[in-house]
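# Tertiary structure, described
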Amino acid sequence: MSTDKNKSGSWMKGALYLSLGALAAKGLSALYKVPYQNLTGDLGYYVYQQVYPLYGLAFVLGTYGFPVVISGMLTEWKNNAEYLKSGADIFNRMLTLLLCMFLFNGIIGGAFIFFAEEIAVFMGDSSLAGPVRWLGLPFFIIPFLALGRGLYQGEGNMAPAAWSQIGEQITRVIVILIVAFWAMQWGDPYLAGISAGAGALAGAIAGTVLLLFSGWKKRRRTAFFSEIKKFTLPDSWAKDVKKLVISGLFVSVSAMSLVAMQLLDSFTVFRLLISSGAGAEEAAAFKGIYDRGWPLVQLGALVTTAFSYAIVPMLTKAYLDNDRAEVQLLTGQAVKVCLVFGGAAGMGLIVIMGSLNTMLFTNQAGTGTLQVLSVSVLFAALFMTSAALFYSTGKAWYSVLLLLLGLLIKLAGNMATVPVYGIAGAAASTAAAFFIISAVSVILLIREGLLSTFPNKFWVKWGLSLAVMGVFVLLYRLVIDRVTDLQNAGRAVESFTALSSSAAGGLLFLTIIWYVKIFERHEWEALPKISKFLPYK
């Protein structure tokens, strides 16, 4: 009995390491774009945001989706007595997956290197060829990163995978900022764009080295090479590869959604701005201003989904146990947490965006557009949460179809609105796409019996809490405006306004939802830390 408890405790500790590693990595991934924009300006930021989403989709699949699937396959093989008796070789199957991932990523990386000019022209800016070409290099490292993390996670040893994620992101961010700083000494924002590929390559190498270092004492190099010499292609290779690709895609849909929308913008917004009469430099600057909003949306969605994702392991167990009541309870809790805190994050960004824009990006250019884009926080978080819930209950294909629908809506929206309304149209298209697919996601959750509808009193409390917080922050900013002439204030004053108003608004919002009991007791007490400061009454 104690052994089982020890194993369970060890697994939970490992899962915590991995979750914290992922959270830290995603947080860094969102935050470093602020100093990058400050270093390179809106034009340099445009260059970076044009090319990085090309790598972002494969990065999510290779370093998140594939490791999860590999760890699951490894666990399945080790726990299958019939499989072990048959003498099938785990090493051969894993090495086959590595070779297939290397081939898959190598083709994509090679395409970026050899067809960089064509890709840049398709984006509408031939000067992007250099940054695109650099992005091809890290693709050749991703397979080793994916396999290493998958192997450790499959063994229940999450710490090396977590440290690999953190080390990779820290290295990537440092190299990106150093290269950008160096390039801007020459005054060349397009040269600074190679930092996306250089940082991704350095980060991937660092993450792989950390994985190798973690296992150096346990694995003998000579034994590894002797096993490679005995390699034979297993009969199950096609089935294994199919499972890796399809399941990896299903696992990654949630994390892919924001990157996919940005990638679509890379191929449409700049070209549409040019076709509507903007000059090349003007269009690039506008696109850079629009891209300011993405790290804010990413960070807001990340914080929101961090609460609801914690429910996923328990939901999976309840679904496998066919405990329908528990499934509905947990799904309802995840969606409610997403609505409450996603709504607060979106509303907060909208009302403080004027000051936040100056605080982070030096001026208020595009504030209205960024406010429109901030609406996406709630709906993006809701879709990402729903995607995780669908995956936990064996219905991940819903998420894939909905993401494709969202991309079609986004494409149609960009084509219709950007020529008329510029970057504000692109922001509105993003918000509309996420709104529609998140609404359909909730409808499907209800239809599948995974979610019960919320009572009317919840919606009243929810709307009231958001409205009171929003009005309070607007009045708070109005008072500061009267005292300091906020319209002409410097960056320091704007920073104080943004930070103090967000803190005051956040505290007020927590107090309101506690007072009106927007959550049930078990839901409130499940929230980390909050219930200790505001006990449920």
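Since we're looking at a predicted model, the values are computed, not measured. (Residues numbered from 1 in each chain as written. Predicted model: local features only at pLDDT ≥ 70, side-chain atom pairs only at ≥ 80, totals over all residues. Heavy atoms only, no water.)

Counting secondary structure elements, the chain contains 24 helices and zero strands. Classification of the 537 residues of the chain by burial places 52% in the buried group. Across the chain, contacts joining residues at least 24 apart in sequence account for 79% of those joining residues at least 6 apart. A total accessible area of about 23900 Å² is found for the chain, and carbon and sulfur atoms account for 69% of it. (Helix = DSSP H or I, 4+ residues; strand = E, 2+ residues; numbered from the N terminus. Buried < 20%, exposed > 50% of the residue type's maximum accessible area, 1.4 Å probe, protein only. Contact = heavy atoms within 4.5 Å. Areas by Shrake-Rupley, 256 points an atom, 1.4 Å probe, with all protein chains shown as cover.)

Positive phi, normally seen in glycine, also occurs at Thr-362, with a value near 80 degrees. Structurally, the position occupied by Thr-362 is in the loop between α16 (324-361) and α17 (367-374). With a phi angle near 55 degrees, Lys-517 is a residue other than glycine that sits in the positive phi range. As for its position among the elements, Lys-517 is in the loop between α22 (491-515) and α23 (521-526).

So, on to the packing of helix α4 (residues 90-114) against helix α5 (residues 116-123). One can describe the packing of α4 onto α5 by two numbers: an axis separation of 5 Å at closest approach and a directional angle of 80 degrees. Classed by the angle they form, the pair α4 and α5 counts as roughly perpendicular. Here Ala-111, Phe-112, Ile-113 and Phe-114 of α4 come into contact with α5, specifically with Ala-116, Glu-117, Glu-118 and Ile-119. (Axes fitted to C-alpha atoms, helices over the stretch in contact; angles between N-to-C directions. Parallel < 35°, antiparallel > 145°, perpendicular 65-115°, else oblique.)

Here we take up the confidence of the model for the chain. With 87% of its residues at a pLDDT of 70 or more, the chain shows a mean pLDDT of 85. Low confidence marks residues 1-16, where pLDDT is under 50. Its contacts with residues over four positions away, or in another chain, come to three contacts. (pLDDT = per-residue confidence, 0-100.)

Let us look at the nonpolar core. Burial of nonpolar side chains together is a common tendency in soluble globular proteins. Of all hydrophobic cores here, the largest spans 114 residues; its most connected members are Val-340 and Phe-519. Leave out the neighbours within four places in its chain, and Val-340 touches Phe-458, Trp-462, Phe-509, Ile-513, Ile-518 and Phe-519. (Core = buried A, V, L, I, M, F, W, Y, C linked by side-chain atoms within 4.5 Å.)

What follows is about a nonpolar patch on the surface. Where nonpolar side chains cluster on the molecular surface, the patch consists of Ile-170, Ile-174 and Ile-178 and spans about 270 Å² of accessible area. Residue position: Ile-170 is located in helix α8 (residues 158-185). (Patch = residues over 30% accessible without salt bridge, like charges linked within 9 Å, V, L, I, M, F, W, Y side chains within 5 Å. Salt bridge = Lys/Arg side-chain N within 4 Å of Asp/Glu carboxyl O.)

With that settled, the discussion passes to the side chain of Gln-262. Here Gln-262 shows up in helix α12 (residues 237-275). Side chain to side chain, Gln-262 and Gln-49 meet in a polar contact 2.8 Å long. Contact partners of Gln-262, with chain neighbours within four places excluded, come to Lys-33, Gln-49, Pro-53 and Trp-294. (Polar contact = N/O pair within 3.5 Å; in protein donor to acceptor, adjacent residues only side chain to side chain.)

Before going further, it helps to spend a moment on the packing of aromatic side chains. Taken as a whole, this structure holds 21 aromatic pairs when the rule is applied. Where Tyr-32 meets Tyr-48, the ring centres are 6.0 Å apart and the plane angle is 80 degrees; that geometry is what we call edge-to-face. Placement of the pair is Tyr-32 in the loop between α1 (2-31) and α2 (33-78) and Tyr-48 in helix α2, with a sequence separation of 16 residues. For Tyr-32, a relative accessible area of 4% puts it in the buried group. Ring geometry for Phe-341 and Phe-519: centres 6.2 Å apart, planes at 20 degrees, overall stacked. Here Phe-341 is found in helix α16, whereas its partner Phe-519 is found in the loop between α22 and α23, with 178 residues between them in sequence. Here the two residues Phe-341 and Phe-519 agree in accessibility, since each one is buried. Through a chain of ring-to-ring contacts, three or more aromatic side chains come together here, namely Tyr-32, Tyr-36, Tyr-48, Tyr-52, Tyr-55, Phe-112 and Phe-139. (Phe/Tyr/Trp six-rings, centres within 6.5 Å; stacked < 30°, edge-to-face > 60°.)

With that settled, consider the environment of Val-442. Examined against the element boundaries, Val-442 turns out to sit in helix α20 (residues 423-447). For the pair formed by Val-442 and Ser-386, sequence separation is 56 residues and the distance between their alpha carbons is 7.2 Å. The contact partners of Val-442, leaving out residues within four places of it in the chain, are Leu-382 and Leu-451.

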